[in-house]
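# Commentary on secondary and tertiary structure
Residue strings, one per chain:
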Amino acid sequence: LQVGDINEWLDHFFSLRVSTNMLMSHYLQSFSTVTSSSSMKGMSLDFDPEYDPYLSSIDPQCNPARIARHAAHLVDRMCSLRYGRSPRITVKDSGARAFSFVPRYLFYIFSELLKNSVRATVEQYPGMGSEDLPPVEILICGDEVVCSCRISDQGGGIPVES
């Protein structure tokens, strides 16, 4: 097998997996009277328990700022548990509008990018405590046509290969 054939097969496989997951989620959501966010009620959370960022079906009012705040909260806790310290993660919403999207996939994108940013920041500044680390910043902006999300850190960037 050639690399191109393997990549084509993987692309097809993952497209089918995402499609199947979305179809199952839509079906379950259509016939379910209990949403997953109701299981979060009554818990002590630093994010909005009324909004389910793990929803696998299309949300016509997907709010990127809420999802980013949820991802920031979880990544902050993960980083603190792993490294014993974590840079402050700020989310600035500059008026981005909600749009139709699958919250679960947006959450996954945010959380993976944030994990890379906080890890790079912690490793770039080995002797600093949480309060001294430079922050990781998320800026979300947009209008009725486009939404743009930028994650900025001072983790040193991608090294230039010689």
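This section reports on the structure supplied with the text. Since the structure is predicted, the reported quantities are computational estimates derived from the model, not experimental observations.

## Considering helix α3 (residues 103-124)
Here α3 spans 31 Å end to end across 22 residues, near enough to the 32 Å set by a 1.5 Å rise per residue. Residues Pro103, Leu106, Phe107, Phe110, Ser111, Leu114, Ser117, Val118, Ala120, Thr121 and Val122 constitute the buried set of α3. Summarising the contacts, the buried residues of α3 are in contact with β1 (59-62), α2 (64-83), β2 (89-93), β3 (99-101), β4 (136-142) and β5 (147-152).

## Quick notes on the side chain of serine 86
Here serine 86 shows up in the loop between α2 and β2. Overall, the relative accessible area of 5% leaves serine 86 in the buried class. Here the side chain of serine 86 touches aspartate 76 through a polar contact of 2.8 Å, side chain to side chain. The contacts of serine 86, once residues within four sequence positions are left out, are Asp76, Cys79, Ser80, Ser130 and Leu133.

## Examining the nonpolar core
Counting 20 residues, the largest nonpolar core has Ile67, Ile89, Phe110, Leu114, Val118, Ile138 and Ile140 as its most contacted members. Counting residues per element, the ones that place at least two in this core are α2, α3 and β4. It is α2 that provides the largest number of residues to this core, a total of 7 residues.

## Points about the environment of isoleucine 89
Relative to the helices and strands, isoleucine 89 is located in strand β2. Sequence-wise, isoleucine 89 and aspartate 153 are 64 residues apart; in three dimensions their C-alpha atoms are separated by 9.4 Å. With sequence-adjacent residues up to four places away left out, isoleucine 89 is seen in contact with Ala72, Val75, Asp76, Leu114, Val118, Val136 and Ile138.

## Remarks on the pattern of salt bridges
Scanning the model with the defined rule gives 3 salt bridges in all. The partner of glutamate 144 in a salt bridge is arginine 97, and the shortest N-O contact between them spans 2.4 Å. Here arginine 97 lies in the loop between β2 and β3 and glutamate 144 lies in the loop between β4 and β5, a separation of 47 residues in the sequence. Classification of glutamate 144 by relative accessible area gives exposed; the value is 63%.

## Some thoughts on the pairing of β4
By the bridge criterion, 5 bridges tie β2 to β4 in an arrangement that is parallel. Considered in β4, the bridge of threonine 90 is made with glutamate 137. Counted between consecutive antiparallel strands, the loop separating β4 from β5 contains 4 residues.

## Some remarks on α2
Over its 20 residues, α2 runs 27 Å from end to end, which matches the ideal 28 Å to within 8%, given 1.5 Å per residue. What α2 keeps buried is the set Pro64, Ala65, Ile67, Ala68, His70, Ala71, Ala72, His73, Val75 and Cys79. Considering only its buried residues, α2 is in contact with β1, β2, β3, α3, β4 and β5. Capping the start of α2, asparagine 63 holds a side-chain oxygen 3.0 Å from the backbone nitrogen of alanine 65, two or three residues further along. Directly after α2, the chain includes glycine 84, whose backbone phi takes a positive value near 80°.

Rules and cut-offs
- Residues numbered from 1 in each chain as written.
- Predicted model: local features only at pLDDT ≥ 70, side-chain atom pairs only at ≥ 80, totals over all residues.
- Heavy atoms only, no water.
- Helix = DSSP H or I, 4+ residues; strand = E, 2+ residues; numbered from the N terminus.
- Expected span 1.5 Å × (residues − 1).
- Buried < 20%, exposed > 50% of the residue type's maximum accessible area, 1.4 Å probe, protein only.
- Contact = heavy atoms within 4.5 Å.
- Polar contact = N/O pair within 3.5 Å; in protein donor to acceptor, adjacent residues only side chain to side chain.
- Core = buried A, V, L, I, M, F, W, Y, C linked by side-chain atoms within 4.5 Å.
- Salt bridge = Lys/Arg side-chain N within 4 Å of Asp/Glu carboxyl O.
- Pairing = 2+ DSSP bridges.

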